[in-house]
Amino acid sequence: MWQRLAKLVIKHRLLLIIILSIITGMMGYFASQVKLSYEFAKAIPSGNQKYKDYQAFRQKFGDDGNILVVGIQSDKIFELKNFEAYSQLQQRLKKAPDVWDVMSMPSAVNLVKNLETEKLDAQKIFSSPIQTQPQLDSERIVFENLPFYRSLLYNPGTHAYLMAVRINKDSLNSPKRTQIVNDITNATANFQKETGIQTYVSGLPLIRTVVSDRIQKEMRFFLIASLLLSALILIIFFRSGSTTILSLLVVIMGVIWTVGLMYLFGFKISLLTALAPPLVVVIGIPNCIYFINKYHTLYLHKKNKENALIGMVSKMGVVTLFCNITAAIGFGVFAFTQSAILKEFGIIAGLSIMMVFVISFILLPAVLSFLPAPGSPQLKYLHSNWITWLLKKIENIVLNYRRVIYGITAILVLFSILGMMRLNSVGYIVDDLPQTDKIFKDLKFFENNFKGVMPLEIVVSTKKPHGITGSRALGIFQKVDSLSQYIAAQPNMNRPLSLAEGLKFAKQAFYEGDSSNYMLPNAFDGAFVGEYLRPQHDNGAKANQLSRMLLSFIDTGRQSTRISVSMADVGTRDLPIILKGIEDKAHTLFDSSYTVDLTGTSITFLEGSKYIINGLKESIFWAFLFIALCMLWLFRSGRILCYSLITNIIPLMVTAGIMGWLGVPLKPSTVLVFSVALGIAVDISIRFLVNYRQELPAYKNDVNTTVRYSIRHTGLSIIYTSMVLIAGFVIFCGSSFGGTFALGWLTSLTLIVATATNLILLPVLLMRKAAKHNQK
């Protein structure tokens, strides 16, 4: 069959090249229409209850991930010059496009009792402009007498101050957000330059924007770097410009088809799908090396170009097909997970690998048939001295040191098992950013001074409309305040903001600003304070601050109220413990007539991480199953299947063991490595075993002689392609994202071990049967 296909390709070569060119042109157009994803990773299925709770919260109270925070730390902020600069920063930020509001110290208001209207008036604490230092000192005393702002806008113990910038949520999900974040960071940089006070910027809008922008830049870098590296390796191996250009043409067409495929499926470029084009280059080049290496080997023996091309396709077609199938399985199994971002990556990567096979299968023999026959300089690599020396060493080790190989393998397995026992699973929202990154450092500033900026929302529902009205409301807010005090006592959580805090603020105002009265109204003074809390019918600027806060912390049906918490990025290991403590406390405060739901970005991140890690673990199982079935169908031998799985399980165990010994945690970005590496590493087994099975009859079923031949002839292309793959994945170590970096070095490590086990351990296992037969 493969000979007929080879003759068909060569016969209709011009037509097939034209068809490939037309399809590539169409895919190129589709690729130009692909958009960058501006949404946070969709890790949770839409049917998940946590996802539904979060969407219900957003409908009632709005988005919780649109706050960007600006922080400073200085004991000189209340010097007139510095405070004016800080006030001007607040004004510049407020005037920036798509900024809805800025909550900061210069714009802070005090609630003042108006005896005539029996209402609370919101009055700015700090004048604008402030004329003298004594005036600023006087207004500072008023501000610091208000416990409401303490720990929310400033930390008196560390002299740290915070601005909360609320941004249009629709603009944050559009290309405009890069400019929005740049405007804010430029304004803070100007403040720092004017005053010499260090500024810190953080929050989900900043983190998401920076991640998306870096994805776009790194995609270009890795794509160009992988192409350049591939070109260099091909030139070194083949010493032929035409062969190098042809191989690059195969992978460039593969990249165009890959990006075009994203558009056809309606996907956008995300952190994972951005890896697909460079991966196509890394995996596509070995296809070219195997095909061209076989073509050169056959031509060297037959001295007939057409026969060598037909032999190339007939011998390497089925091998390369199954190698690409197993690699596609390694990626494609992600499509079976329930995580949207993994599904997209699995579909694109799996299909792209198979498309590269189709392109290489058609384009290589078609174009090579037009090119002149290879000359001696192009065939020189087949007799490379160092490769020949290395393969002879491997052959000697396999034939003469079998017990040593078994012993070393046993030690490696034991070492790996001990390391795997040390593995732990933990992930963070900023997991992929290095600790030296400014964004990571700025986030730690807010965690050290304000216990973090990651949003957690708690929704308390009375289950009936207008349940938070009348005399019952005070009892509800007392329970809310008790829960808030429990949360505030946690080391990684800031004092929550809720309507209870607003009521405390109002009571302090009712008692002429006495800070000792910053507490919830009781049954006695509740009736008096209540009259001052009724919203005025005025709107716009005349509506007092408490009325506006009331609208954002209670739903329109007066059925639910929210508690907003800013917390540290504590990771997936500690977060469930913290949440369990909050839930237990809530259950002691609120009986069955209430529902208390924890939601927000922190919750969805935790749930998303669970889905991704569980999905990746399942994908490893499915990858093993599907790859095993493919190999069983290909070789029709349970014994060979077991040998090949053993030689490819060991590299995964070694990688997992080293992760355990080095303290690298199991998280979405590191679990991803195992199914990817398995799909690629199995290729080495397939190529060796197919060659072994093809040559066994020629050597009268002499296992030892066939193994020696396979090492010498298949080992050459295996070592070359392994070098390409390892070098290709090492490129990812240049990423600024921890997950991409881990994919680079962990996959490279796995491939190094897999190359060794398939060239040394696999031949030894194959020779066991012959050894037993000789003993008999």
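Whatever comes next refers back to the structure up there.
Parameters at a glance
- Residues numbered from 1 in each chain as written.
- Predicted model: local features only at pLDDT ≥ 70, side-chain atom pairs only at ≥ 80, totals over all residues.
- Heavy atoms only, no water.
- Buried < 20%, exposed > 50% of the residue type's maximum accessible area, 1.4 Å probe, protein only.
- Helix = DSSP H or I, 4+ residues; strand = E, 2+ residues; numbered from the N terminus.
- Pairing = 2+ DSSP bridges.
- Axes fitted to C-alpha atoms, helices over the stretch in contact; angles between N-to-C directions.
- Parallel < 35°, antiparallel > 145°, perpendicular 65-115°, else oblique.
- Left-handed = near helix turned anticlockwise from the far one by under 90°.
- Contact = heavy atoms within 4.5 Å.
- Polar contact = N/O pair within 3.5 Å; in protein donor to acceptor, adjacent residues only side chain to side chain.
- Patch = residues over 30% accessible without salt bridge, like charges linked within 9 Å, V, L, I, M, F, W, Y side chains within 5 Å.
- Areas by Shrake-Rupley, 256 points an atom, 1.4 Å probe, with all protein chains shown as cover.
- Salt bridge = Lys/Arg side-chain N within 4 Å of Asp/Glu carboxyl O.
- Phe/Tyr/Trp six-rings, centres within 6.5 Å; stacked < 30°, edge-to-face > 60°.

A word on the pairing of strand E7 (residues 199-202)
Covered by surrounding structure in E7 are Thr-199 and Val-201 together with Tyr-200 and Ser-202, the residues of both alternating faces. Relative to E7, strand E1 (residues 67-73) is paired through four bridges, and the arrangement is antiparallel. Within E7, the position partnered with Val-69 by the bridge is Ser-202.

Considering unusual backbone geometry
Along the chain, Ser-128 connects to Pro-129 via a cis peptide bond; the corresponding omega equals 0°. Of note, Pro-129 is situated in the loop between strand E4 (119-124) and helix H5 (133-144). Not every positive phi belongs to a glycine, and His-159 is a case in point at roughly 55°. Structurally, His-159 is set in the loop between strand E5 (154-155) and strand E6 (160-167).

Brief notes about the pairing of strand E10 (residues 560-567)
Judged by how many residues are buried, E10 sits mostly within the fold: seven of eight residues are covered. Examined bridge by bridge, strand E8 (residues 454-461) and E10 share eight bridges and lie antiparallel to one another. If you follow Glu-457 over to E10, its bridge partner there is Ser-564. Two strands pair when backbone bridges link them, and strand E9 (residues 497-498) and E10 are joined in this way by two bridges, in the antiparallel orientation. By the bridge assignment for E10, Leu-497 is matched with Ser-564.

Quick notes on the packing of helix H2 (residues 13-32) against helix H9 (residues 241-264)
The N-to-C vectors of H2 and H9 enclose an angle of 50°; their axes lie 7 Å apart at closest approach. Here H9 runs oblique to H2, going by the angle between their axes. Relative to H9, H2 is oriented so that their crossing is left-handed. Facing Leu-20, Ile-23, Thr-24, Met-27, Gly-28, Phe-30 and Ala-31 of H2, the residues of H9 in contact are Met-253, Ile-256, Trp-257, Val-259, Gly-260, Leu-261, Tyr-263 and Leu-264.

Remarks on the side chain of Ser-369
Along the polypeptide, Ser-369 turns up in helix H12 (residues 340-370). Take Ser-369: its relative accessible area is 10%, and that puts it in the buried class. Among the polar contacts listed, one links the side chain of Ser-369 to the backbone oxygen of Ala-366, at a separation of 2.5 Å.

Examining a nonpolar patch on the surface
Together, Ile-397, Tyr-401, Val-404, Ile-408, Leu-412, Leu-414, Phe-415, Ile-417, Leu-418, Met-420, Met-421 and Trp-661 give the surface a local cluster of nonpolar side chains, amounting to about 1100 Å² of exposed area. By the element assignment, Phe-415 lies in helix H15 (residues 402-420).

Focus: the packing of aromatic side chains
Scanning all chains against the criterion turns up 34 aromatic pairs. Ring geometry for Phe-30 versus Tyr-263: centroids 5.6 Å apart, planes at 15°, classification stacked. One end of the pair, Phe-30, is in helix H2; the other, Tyr-263, is in helix H9, with 233 residues separating them in the sequence. On the accessibility criterion, Tyr-263 (38% relative accessible area) is partly exposed.

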